[in-house]
Amino acid sequence: MTESFYLNMAQIKLITLNVEMNRHLDTVIPFLERESPDVLCLQEVFSRDIKMLEEKFGYISMYLPMCKRWYGLSNTLPLEDQGIAVLSKLPITLENQEYYFNDSPKLLQYDNKSLETKRKTIRQGIIWVTVKKEEVEFIIANTHFTWTPNGMTNAYQEQDIKELIKILDRIPNLVICGDFNAPRNINSIYKIITQRFKDNVPVNIITTLDVNKHRARVDAKEIARIGTYVVDYIFSTPGYEVKDIRVEYGVSDHAAVIGAIIRT
């Protein structure tokens, strides 16, 4: 489609970013000041920091907690809710949230001692909101999908993708973004998702993990591995055009994925 086609159509600027809790706020905040997205989807964000971002940038937000974690590296600060959020400078006309794994009413402290303890102490969920710009409605969803070691598919992911797809099948037309922990063309979950949705991240982008900020940077073999892992995506159904996608490193341990969303 030509540029003239897009000129008369409402579009929004969308960013998805895994902020790795509060470890990179010194780079996240200047990045948001510079980019000023209409809609911002965050993963691994503390509830305390959502309030700060609302006050600083004038966002309205929807937040879904996944677990409790120490607000700091030394376990000396209080436990805080940590999860996913959609923040918008545009009016939100509808909002929804749902867990696709572990909807227990009690939010647990995250235990990362083993894969099994991680599984027992975390929830997996999705937020989707309807935002309006120039009388045009956009449905934007955000999730932080199930983590696995080395980016390889496991039984937990296979279980959770079935439940997530059940939710997504009820939403006829949307853009869904987030950290999917499913490296492109490596993890079979990626294939399941792309049978239903278009992957809009250009093929020339070979990783969305920041090799200079990721915890794996201390290991040369790990750097080589994560340097080929695209795990952060903006997926869409045919009712949307996603263009001008780019990634920006140096913000968090994941790159920010930035794009323009157009209703077609």
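Please read these numbers as outputs of a predicted model, since none were measured by experiment.

K.L.:
Would you take a moment to explain the pattern of salt bridges for this structure?
P.N.:
Side-chain pairing between opposite charges can occur once the charged atoms of the two side chains come close. Per the counting criterion, the structure on display carries 16 salt bridges. Here Lys113 ties to Asp111 by a salt bridge, and the two come within 3.6 Å at their closest N and O atoms. When its relative accessible area of 72% is taken as the criterion, Lys113 is described as exposed. Across the pair Lys166 and Glu163 runs a salt bridge whose closest N-O atoms are separated by 3.2 Å. With Lys166 and Glu163 both in helix α5 (residues 155-168) and three residues apart, this pair spans about one turn of that helix. The class of Glu163 is partly exposed, set by a relative accessible area of 30%. Residues participating in the shared-partner salt-bridge network are Lys13, Arg34, Glu35, Arg246 and Glu248.

K.L.:
What's the story with the sheet that holds strand β2 (residues 39-46) in this structure? I'm lost.
P.N.:
Sheet strands pair by backbone hydrogen bonding; their relative direction is either parallel or antiparallel. Reading across the sheet, the six strands line up as β3-β4-β2-β1-β12-β11 and stay open at both edges, with mixed pairing between neighbours. Every interior strand has two partners, whereas the edge strands, β3 (60-70) and β11 (240-248), have only one. Within this sheet the neighbouring strands show an average axis-to-axis angle of 20°, counted without direction. Of the pairings in the sheet, the one linking β3 to strand β4 (residues 79-88) comprises ten bridges and is antiparallel in character. Looking across to β4, one finds that Leu64 is bridged to Ile84. Contacts between helix α3 (residues 47-57) and the sheet are confined to β2, β3 and β4, with β2 contributing the most and set at about 145° to the helix.

K.L.:
Honestly, the packing of aromatic side chains in this entry has me stumped. Any pointers?
P.N.:
Given two aromatic rings, their pairing is described by the distance between the two centres and the angle made by the two planes. This structure, assessed with the given rule, holds eight aromatic pairs. Here Phe57 and Tyr59 contribute two aromatic rings whose centre-to-centre distance is 5.8 Å and whose plane-to-plane angle is 50°, an arrangement assigned as tilted. Across the pair, Tyr59 and Phe57 agree in class, each one buried. Pairing Phe180 with Tyr233 gives two aromatic rings, centres 6.0 Å apart and planes at 70°, and the pair type is edge-to-face. One end of the pair, Phe180, is in the loop between β8 (175-179) and α6 (188-194); the other, Tyr233, is in strand β10 (residues 232-236), with 53 residues separating them in the sequence. By relative accessible area, Phe180 is classed as buried at 2%. With a relative accessible area of 0%, Tyr233 lands in the buried category.

Scoring rules and cut-offs
Residues numbered from 1 in each chain as written. Predicted model: local features only at pLDDT ≥ 70, side-chain atom pairs only at ≥ 80, totals over all residues. Heavy atoms only, no water. Salt bridge = Lys/Arg side-chain N within 4 Å of Asp/Glu carboxyl O. Buried < 20%, exposed > 50% of the residue type's maximum accessible area, 1.4 Å probe, protein only. Helix = DSSP H or I, 4+ residues; strand = E, 2+ residues; numbered from the N terminus. Pairing = 2+ DSSP bridges. Axes fitted to C-alpha atoms, helices over the stretch in contact; angles between N-to-C directions. Contact = heavy atoms within 4.5 Å. Phe/Tyr/Trp six-rings, centres within 6.5 Å; stacked < 30°, edge-to-face > 60°.

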